[in-house]
Amino acid sequence: MKISYNWLKTLINIDLTPEQVDEYLTSSGLEVEGIEAFETVKGGLKGIVVGEVVEKEKHPDADKLSITKVNVGATELLNIVCGAPNVAAGQKVLVAMIGAKLYPTTGEPFEIKKSKIRGAASEGMICAEDEIGLGNSHDGIMILPNHAVVGTPAAEFFKLENDFVLEIGLTPNRADAASHYGVARDLAAILNCKSNSNSHQAHLHNIFELPEASNINKVDITIENTEACKRYSGLVISGITIKPSPDWLKNYLLAIGLRPINNIVDITNFVLHDLGQPLHAFDLNKITGNKIIVKTGLENTTFKTLDGTERTLLANDLMICNETEPMCLAGVFGGLDSGVTENTSAIFLEAAYFNPAYIRKTSKQHGLKTDSSFRFERGTDPEMTITALKRAAALIFECAGGTLSMDLVDIYPEKLEPFQVAFSYTNCQALIGKEIDRSIIKHIILSLGITIAQEGNDGLLLSVPQYKTDVTREADVIEEVMRIYGYNNVEESTLIKFSASYADREKVTATDNTTANLLIGFGYSEMMGLSLTKESYYPEGTSLVKILNPLSADLNVMRNTMLFGGLETLAYNINRKQADLKLFEFGKTYEKTDNPDFKYSETKHLTLFVTGRKYSENPYGENNKVDFAFLKASVESILNKLSIKFKINELSDSNFSYGLSYLQKNKHLVSFGLVDKSICKKLDVNAEVFYADFNWDNVLSLVGKTKLEFTEIPKFPAVRRDLALLLDKKVTYKELEELAYSAERKLLKSVNLFDIYEGDKLEAGKKSYAVSFMLQDEEATLNDKQIDNVMQKLIKTYTEKLGASLR
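Residues numbered from 1 in each chain as written. Predicted model: local features only at pLDDT ≥ 70, side-chain atom pairs only at ≥ 80, totals over all residues. Heavy atoms only, no water.

Engineer: I keep staring at the side chain of D512 and nothing clicks. Help me out?
Structural biologist: By the element assignment, D512 lies in helix α13 (residues 504-521). D512 gets classed as buried once you look at its relative accessible area, which sits at 12%. Setting aside residues up to four positions removed in sequence, D512 forms contacts with F586, K604, W696 and L700. (Helix = DSSP H or I, 4+ residues; strand = E, 2+ residues; numbered from the N terminus. Buried < 20%, exposed > 50% of the residue type's maximum accessible area, 1.4 Å probe, protein only. Contact = heavy atoms within 4.5 Å.)

Below is the structure:
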């Protein structure tokens, strides 16, 4: 939000520099992000003075050039070559001196240098208005009135006012400061606290009682939806003339980045930024039936807004309508056919208080962000409508003429009362951490416009005005006191107080850190994704937690899985030539439940993503691409590090082309495998991605539950044998593992699936598993006969139980 320093000084009497204002506002929570100098004319006409042409003669070597002698108030006359056809002796003109930098209306700035033009010396330039940014004409030089004093700086002659603009990073809760008047209120409170006085007050100026109305015009106002529109005020001014605004008004608007349009539109914009109350001016002749109806329920009606876009209205869009059609998206954007034009001679001027929720929804749904919606969304002051109309009316009478042809009408069905807040000095001291004198606290509270309804021994009953939309609790009042008193005025305590307690959080943090360090050692990098994601990623019927007022359609649900956010991160990096990625993330997923007591559930996860090469390019590795085995090793390393035993199960998940799932006693630990190509393509990832998803809550519940056992290193060697089995697709690895251990309990030490093949070279409905078996006798070395007996036993079991055959 931009605040003009000159404008601010019309609302509060201060002699502070812009830098001091910056310091005070920032210390109170209105952070000034920057200060920029503003010049009504670019360059400020520096180096340009009033001069008088004393002599003029024709250039001997150029028909269209003249050689002049110009008096600029110096001891000697300047020789200046001029090409303007209207230059003549005796004229008062603007002279750019040597070294002056000129900023033309169009084109690049340039510097005046001493030069020779066709052999004649030129010691400056006599200026046309477009050459110094004062207009568009280049028909000739600017000729000043005779009373202009030679040697006067041009900036002084034209009474140019320079300004400073403070860029304030306004937080969403500070709707009360979304205007120059709101900022002046805060500044007055800060200065009064600092001086322990009431010498500074933010004052409303030019708020006069309205003249007597002729009432020759009448507009009937009806509010049909009183929940959406709490207050609606308006008046009619006739006999106005639409023309450019006066310079002072243009300059204020230009300073804060607004383009002047005409006097009526500029005044409504000025009052919005002056008082924080949006206004809207309707052409009276376009209000059919002389009726204003404020209502919702116009769904599927088409409406063309001021930008020429035809929009389809929704049921909750609050509209300002005439007798037959909508004229304005209330609080958001005007209509194309009802606004002020150069032919307008009478206006209906509106000021209202709209329910922030309605305005926010309309603004989001139609993708419209305006200065009005910015304020209405956050909450305006319902008591400001009349004041704003009086302020605007006075300016219109001054700048556009006209008379009041319908008296002010104010529809206020149910008055919005101030918030009642109980305030305790004891709680204030406890929360701030410092005992502040009670008289100072009361002084701050009153300086902020909060009134004291009752006073007790330890506290106050406060009435908080409606414009302080974020001050509804005692803690909010304490925060107000703290920011005006000054955070820097609260000393750091030398005493540290804490309560020693045991919590599982320490175990969680330690486990997370142990795992993160392990993965970092494997070459992984940690990432952090958003909990918000896009609904369209999920199949229909997914139990999603939807956001009521999403920032955008791309962030309209809470994530149900961390897969899509991770793939977005991969796509972002791959598109920037970072294709070799090993990433991990701790985070939560969210879903709706059928439990009436707990409508939503959160689950903590750890996810791993690998794609590209395992290591940077080198001449030593033939196959350096990441694969299923690489991810599997990472997954098992984590579980082994945490001493968690697991059983292997085949994975059935549409997000994966293939993979495995690890469990312990039917408690799911992790699923991992190759992400389905269609999902990768949907998120613009054109590479193989291997993904692991740990249910980290389940993992944490098992940490520390397994008793560590140490055994002597076997004296006799283990033997490995492999089988390539042709199986039905419905057979799971879990079945293979369980049958193996049931067939051989003594010598079989471990079973491992190390390859899966499904392709057109196999029969339909078949797949191939390559499985390794580790055999070992702790009492003696195994011989071939023992080994063959075990393997035949396994083959027989698989053949009889599963219909398997050897490849």
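Engineer: Even after reading the chapter, I still don't get the sheet that holds strand β23 (residues 346-354), so can you show me in this structure?
Structural biologist: In sheet architecture, strand pairing relies on hydrogen bonds along the backbone and comes in two forms, parallel and antiparallel. Sheet architecture is open: 4 strands sit in the order β16-β23-β15-β24, paired in antiparallel fashion. If you trace the sheet from one side to the other, it starts and ends with β16 (279-283) and β24 (403-411), each paired once. Strand-to-strand twist of the sheet, defined as the mean angle between neighbouring strand axes without regard to direction, takes the value 20°. Along the sheet face, helix α9 (residues 385-400) touches β15 (229-238), β16, β23 and β24 and points at about 15° away from the line of β15. (Pairing = 2+ DSSP bridges. Axes fitted to C-alpha atoms, helices over the stretch in contact; angles between N-to-C directions.)

Engineer: Help me understand the sheet that holds strand β13 (residues 162-168), please; the structure alone is not making it clear to me.
Structural biologist: Reading across from one edge, β1-β13-β2 is the order of the 3 strands in this open sheet, with antiparallel pairing throughout. Where the open sheet ends on each side, the last strands, each with one partner, are β1 (2-4) and β2 (32-39). When strand polarity is set aside, the average angle formed by the axes of neighbouring strands in this sheet is 25°. Across 7 bridges, β2 lies against β13 in antiparallel orientation.

Engineer: Where do I start with the packing of aromatic side chains in this structure?
Structural biologist: Each aromatic ring pair is characterised by the separation of its centres together with the angle its planes make. In this structure the tally under the stated criterion is 24 aromatic pairs. Seen in terms of ring centroids, Y5 and F164 are 6.3 Å apart; in terms of plane orientation they differ by 80°. Their pairing is edge-to-face. With a gap of 159 residues between them, Y5 in helix α1 (residues 5-9) and F164 in strand β13 connect regions that are remote in the sequence. Owing to a relative accessible area of 35%, F164 belongs among the partly exposed residues under this scheme. With a centroid separation of 5.1 Å and an interplanar angle of 90°, the aromatic rings of Y538 and F564 are classed as edge-to-face. Here Y538 is found in the loop between β29 (532-533) and β30 (557-558), whereas its partner F564 is found in helix α14 (residues 563-574), with 26 residues between them in sequence. Taking relative accessible area as the criterion, Y538 reaches 9% and is therefore assigned buried. By relative accessible area, F564 is classed as buried at 6%. The structure contains a cluster of three or more aromatic residues connected by ring pairs, namely F628, F646, Y658, Y662 and F672. It is R378 that lies over the ring of F374; its NZ or CZ is 3.9 Å from the centre. The ring of F754 carries the charged tip of R720 above its face, separated from the ring centre by 5.0 Å. (Phe/Tyr/Trp six-rings, centres within 6.5 Å; stacked < 30°, edge-to-face > 60°. Lys NZ or Arg CZ within 6 Å of the ring centre and 35° of its normal.)

Engineer: Sorry, what's going on with the packing of helix α2 (residues 18-27) against helix α4 (residues 180-195) here?
Structural biologist: For any two helices packed against each other, the geometry comes down to the angle between their axes and how far apart the axes lie. Look at α2 against α4: their axes get within 10 Å of each other, and the N-to-C directions meet at 90°. In terms of orientation, α2 lies roughly perpendicular with respect to α4. When α2 is examined against α4, the residues V21, Y24 and L25 are found in contact with a partner set consisting of V183, L187, I190, L191 and K194. Taken together, the residues of the contact of α2 with α4 break down into 7 nonpolar, no polar and 1 charged. (Parallel < 35°, antiparallel > 145°, perpendicular 65-115°, else oblique. Nonpolar A, V, L, I, M, F, W, Y, C, P; charged D, E, K, R; others polar.)

Engineer: Would you explain helix α12 (residues 474-485) in this entry?
Structural biologist: Side chains three or four residues apart in an α-helix point the same way, a direct result of the helix having 3.6 residues per turn. With 12 residues, α12 extends 16 Å between its outermost C-alpha atoms, agreeing within 8% with the 16 Å of an ideal straight helix rising 1.5 Å per residue. Along α12, 9 of the 12 residues are buried, which leaves the element largely enclosed by surrounding structure. Among the residues of α12, those classed as buried are D476, V477, I478, E480, V481, M482, R483, I484 and Y485. Directly beyond the C-terminal end of α12, a positive phi value near 110° is found at G486. (Expected span 1.5 Å × (residues − 1).)

Engineer: Help me understand the side chain of R483, please; the structure alone is not making it clear to me.
Structural biologist: You can see R483 is positioned in helix α12. Taking the relative accessible area as the measure of exposure, R483 reaches 4% and is therefore buried. Only 3.1 Å separates the side chain of R483 from the backbone oxygen of S28, close enough to count as a polar contact. A polar contact is formed between the side chain of R483 and the side chain of D186, at a distance of 2.8 Å. (Polar contact = N/O pair within 3.5 Å; in protein donor to acceptor, adjacent residues only side chain to side chain.)

Engineer: Even after reading the chapter, I still don't get the pairing of β13, so can you show me in this structure?
Structural biologist: Regular strands have side chains that alternate between both faces of the sheet. Here β1 runs beside β13; their pairing, made up of 3 bridges, is antiparallel. Counterpart to S4 in the pairing with β13 is V165.

Engineer: Where do I start with unusual backbone geometry in this structure?
Structural biologist: Generally, phi is negative for residues other than glycine and the peptide bonds are trans, each holding for most cases. Phi is positive for K159, close to 55°, though the residue is something other than glycine. Along the chain, K159 falls in the loop between α3 (154-157) and β13. A positive phi angle, close to 70°, is found at N300, a residue other than glycine. Looking at where N300 falls in the secondary structure, it is placed in the loop between β17 (291-295) and β18 (302-304).

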